[in-house]
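Given next are the chains, with one letter for each unit.
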Amino acid sequence: MRALFAVLATLALLGKCGADVITYLRFEENGGGIASDEMGLLDGELINFSDTSPGGGDVSGRGWSKSVPSATVPLTGEANTTSMRMNGGSAYIDLSNANTLSLGSEFTVEFYMNASTDLIIAPMFGFDSGSELYFLMADTGSDLVMRGEFQDQIDGPFSASLVSPGTWQHFALVMEPTEYTVCIDGQVQYNGGYPGGASGPYEFAGNVALGTRTIGGESGTCDGYIDEFRISDKALTPDQFLIAVPEPTIIGLIGIGAGWIFLQTLRRKGQSST
């Protein structure tokens, strides 16, 4: 029992080091018009998608797709089988409902993206109703750029030189009380203060009107794939992103704990049969 207590205590301490997940859309449904939030807060409704059949986006160019960044999510080890193909037009994922989204002044928005090679402009996500937070990527003709909007204050554009269109990459917007950071594949693309002092807090009141909270923009034009959209309540570091591979020691501890429980179960069964 002491050994089990030690393992469980260690795992509990490791769990406290992480952040709490506020919303997490994995896009594992592979069909239908709803993308479920694992946290039950912001289920997404597919608006103006041309095909919501299983794997439809691989055929029609817009909808559920079998293209994924990896077969498993590196940080969690969960299977990853489908994503969303946005493909411009007027398609977007609507997260608007009566639930309030409270993010405060410190949080992280992250997801996998595969931007189209003929990208023109792509609102990646936008939250409205009370506070405002938008982020988009665009092609100026000579360079890819990104731009954010914080509480009605526009910041940028700044270079998106780390973005490789046609390739699955990880995007993270890390919000802190005095500054924000944009990371691509765990590397810093941009870091700076907020325009006009728009540091938060960011509170988005519940609103059932379409387009108040979206992945992709209400006006569409988000071209490419999106997968594993997660918001956490802390300013995460790259080793805490979904793209990160857990330390072997953590995996080992989990294995030790599971093995110990398994052995104890076998022992009890053996004792009860004698």
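Everything numeric here is computed off the predicted structure, so don't read it as measured data.

Parameters at a glance
- Residues numbered from 1 in each chain as written.
- Predicted model: local features only at pLDDT ≥ 70, side-chain atom pairs only at ≥ 80, totals over all residues.
- Heavy atoms only, no water.
- Helix = DSSP H or I, 4+ residues; strand = E, 2+ residues; numbered from the N terminus.
- Contact = heavy atoms within 4.5 Å.
- Areas by Shrake-Rupley, 256 points an atom, 1.4 Å probe, with all protein chains shown as cover.
- Buried < 20%, exposed > 50% of the residue type's maximum accessible area, 1.4 Å probe, protein only.
- Polar contact = N/O pair within 3.5 Å; in protein donor to acceptor, adjacent residues only side chain to side chain.
- Pairing = 2+ DSSP bridges.
- pLDDT = per-residue confidence, 0-100.
- Core = buried A, V, L, I, M, F, W, Y, C linked by side-chain atoms within 4.5 Å.
- Phe/Tyr/Trp six-rings, centres within 6.5 Å; stacked < 30°, edge-to-face > 60°.
- Lys NZ or Arg CZ within 6 Å of the ring centre and 35° of its normal.

If you tally the helices and strands in the chain, you get three helices and 18 strands. Taking the intrachain contacts of the chain between residues at least 6 apart in sequence as the baseline, contacts between residues at least 24 apart amount to 66%. If you sum the accessible surface of the chain, you get close to 12300 Å²; carbon and sulfur atoms cover 56% of it.

What follows is about the side chain of Arg 85. Checked against the element boundaries, Arg 85 lands in strand E5 (residues 83-85). The exposure class assigned to Arg 85 is buried, which follows from its relative accessible area of 15%. Side chain to side chain, Arg 85 and Asp 223 meet in a polar contact 3.2 Å long. Once residues lying within four places of it in the same chain are set aside, the contact partners of Arg 85 are Phe 49, Gly 57, Gly 61, Arg 62, Gly 63, Ser 65, Asp 223, Gly 224 and Tyr 225.

The next subject is the pairing of strand E15 (residues 187-193). Sheet topology note: the strand E14 (residues 179-184)/E15 ladder contains six bridges and is antiparallel. Within the sheet, the bridge partner assigned to Val 182 lies in E15 and is Tyr 190. Linking two consecutive strands that pair antiparallel, namely E14 and E15, is a turn of two residues; a positive phi of about 55° is found at Asp 185 within it.

Time to look at the confidence of the model for the chain. For the chain, mean pLDDT is 84; residues scoring 70 or higher make up 81% of the total. Low confidence marks residues 1-17, where pLDDT is under 50. Its contacts with residues over four positions away, or in another chain, come to 13 contacts. The low-confidence segment residues 250-266 (pLDDT under 50) makes 13 contacts with residues lying over four places distant or belonging to another chain.

With that out of the way, let us pick up the nonpolar core. In this structure, Phe 125, Phe 135, Met 146 and Phe 171 are the most contacted members of the largest nonpolar core, which totals 49 residues. Per-element tally for this core: the top contributor is strand E8 (residues 107-115), with five residues. In contact with Phe 125, not counting residues within four places along its chain, are Val 109, Phe 111, Leu 133, Tyr 134, Phe 135, Phe 171, Leu 173, Thr 214, Ile 215, Gly 216 and Phe 229.

Bringing unusual backbone geometry into the picture now. Between Gly 156 and the following residue, Pro 157, the backbone shows a cis peptide bond with an omega angle of 10°. Among the secondary structure elements, Pro 157 is positioned in strand E12 (residues 153-159). Of note, the bond from Gly 200 into Pro 201 is cis; its omega dihedral lies within 30 degrees of zero at 5°. By the secondary structure assignment, Pro 201 is in the loop between E15 and strand E16 (202-204). The phi angle at Asn 30 is positive, at roughly 55°, despite the residue not being glycine. By the secondary structure assignment, Asn 30 is in the loop between strand E1 (21-25) and strand E2 (34-35).

On inspection of all chains with the given rule, the structure shows 18 aromatic pairs. Pairing Tyr 180 with Tyr 190 gives two aromatic rings, centres 5.5 Å apart and planes at 45°, and the pair type is tilted. Of this pair, Tyr 180 sits in strand E14 while Tyr 190 is found in strand E15, placing the two residues ten residues apart along the sequence. Over the aromatic face of Tyr 225 sits the side chain of Arg 85, whose NZ or CZ is 4.9 Å from the ring centroid.

With two bridges joining them, E2 and strand E3 (residues 44-47) adopt antiparallel strand pairing. In the sheet register, Ile 34 faces E3, and the bridge partner there is Glu 45. When E3 meets strand E6 (residues 92-94), the two strands line up antiparallel, connected through three bridges. In the strand pairing of E6, Ile 47 is matched with Tyr 92.

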